[in-house]
Amino acid sequence: MAIEAELKAIVRDPEAVLQLLEDQHGAGRAEVYRDTYYDAPDGSLMGGDRELRIRTVHSRDDTRTVLTYKGARVDEASGSKPEHETRVEDEDAVHQIIAGLGFTPRIQFEKRYRNYSFQRDGRRLLATLVRVPELDDATFLEVETAATEDDLPSALAAVRAVLADLGISEDDLTTELYTDAVAAARP
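What counts as what
- Residues numbered from 1 in each chain as written.
- Predicted model: local features only at pLDDT ≥ 70, side-chain atom pairs only at ≥ 80, totals over all residues.
- Heavy atoms only, no water.
- Salt bridge = Lys/Arg side-chain N within 4 Å of Asp/Glu carboxyl O.
- Buried < 20%, exposed > 50% of the residue type's maximum accessible area, 1.4 Å probe, protein only.
- Core = buried A, V, L, I, M, F, W, Y, C linked by side-chain atoms within 4.5 Å.
- Helix = DSSP H or I, 4+ residues; strand = E, 2+ residues; numbered from the N terminus.
- Contact = heavy atoms within 4.5 Å.

Draft legend 1. Seen up close, the pattern of salt bridges. Summed over all chains, the structure comprises 23 salt bridges. Glutamate 31 is the salt-bridge partner of arginine 29, the closest N and O atoms lying 3.1 Å from each other. With relative accessibility at 38%, the residue arginine 29 sits in the partly exposed group. According to the relative accessible area criterion, glutamate 31 is buried, its value standing at 4%. Among the salt bridges present, the one from glutamate 51 reaches lysine 81, with a minimum N-O distance of 2.8 Å.

If you want it as structure tokens, here you go:
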């Protein structure tokens, strides 16, 4: 089972973290993500800590759409979840397919990303600075790598080491989902 071993932190000094990322990993890739999260009419998908998302990513060079399913958390402390995703050709068609299967849009919002891909200790990692306009442009840092259930502790240790190198402490970590934070911020 493929698990997204990820930790997310609130960034208190975004400019300093941005500078460290640029110094260590070069220029990041700027992208805008438009996410639509779907749920069953009875709320059982999100109520069961699972996610069904269609994400359209806009970058300077292209636009792509990705369908993602995330299972329930396998690690409460980090919020890491099994994740399965695939690129889709036709954004409108995939929205129609999901709706035709009985799922309804639960929440839609936009995030602004700056992604840094790199290798460390034999692992491919992704560090992402995230700004969410609806959350007063709050800035977050996500660091992730792929893992198996048996490998999750060492994967999370690698993620924690990257965060520490960027000046992020355990006190800065959060497991709050963007969907919950945006929903709470809306009237």
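Draft legend 2. Geometry of the nonpolar core. Grouped together as the largest cluster of nonpolar side chains are 23 residues, with contacts concentrated most on Val17, Leu21, Leu141, Val143, Leu163 and Ile168. Going through the elements one at a time, strand 1 (3–10), helix 1 (14–25), strand 6 (104–120), strand 7 (123–132), strand 8 (138–147) and helix 4 (152–165) are the ones with two or more residues in this core. In terms of residue count, helix 4 provides more of this core than any other element does, six residues in total. In contact with leucine 21, other than residues within four places in its own chain, are Gly26, Tyr116, Ala127, Leu129, Leu141 and Leu166. Listed in part, the 13 residues of the second largest apolar core include Tyr33, Phe109, Val132 and Val182.

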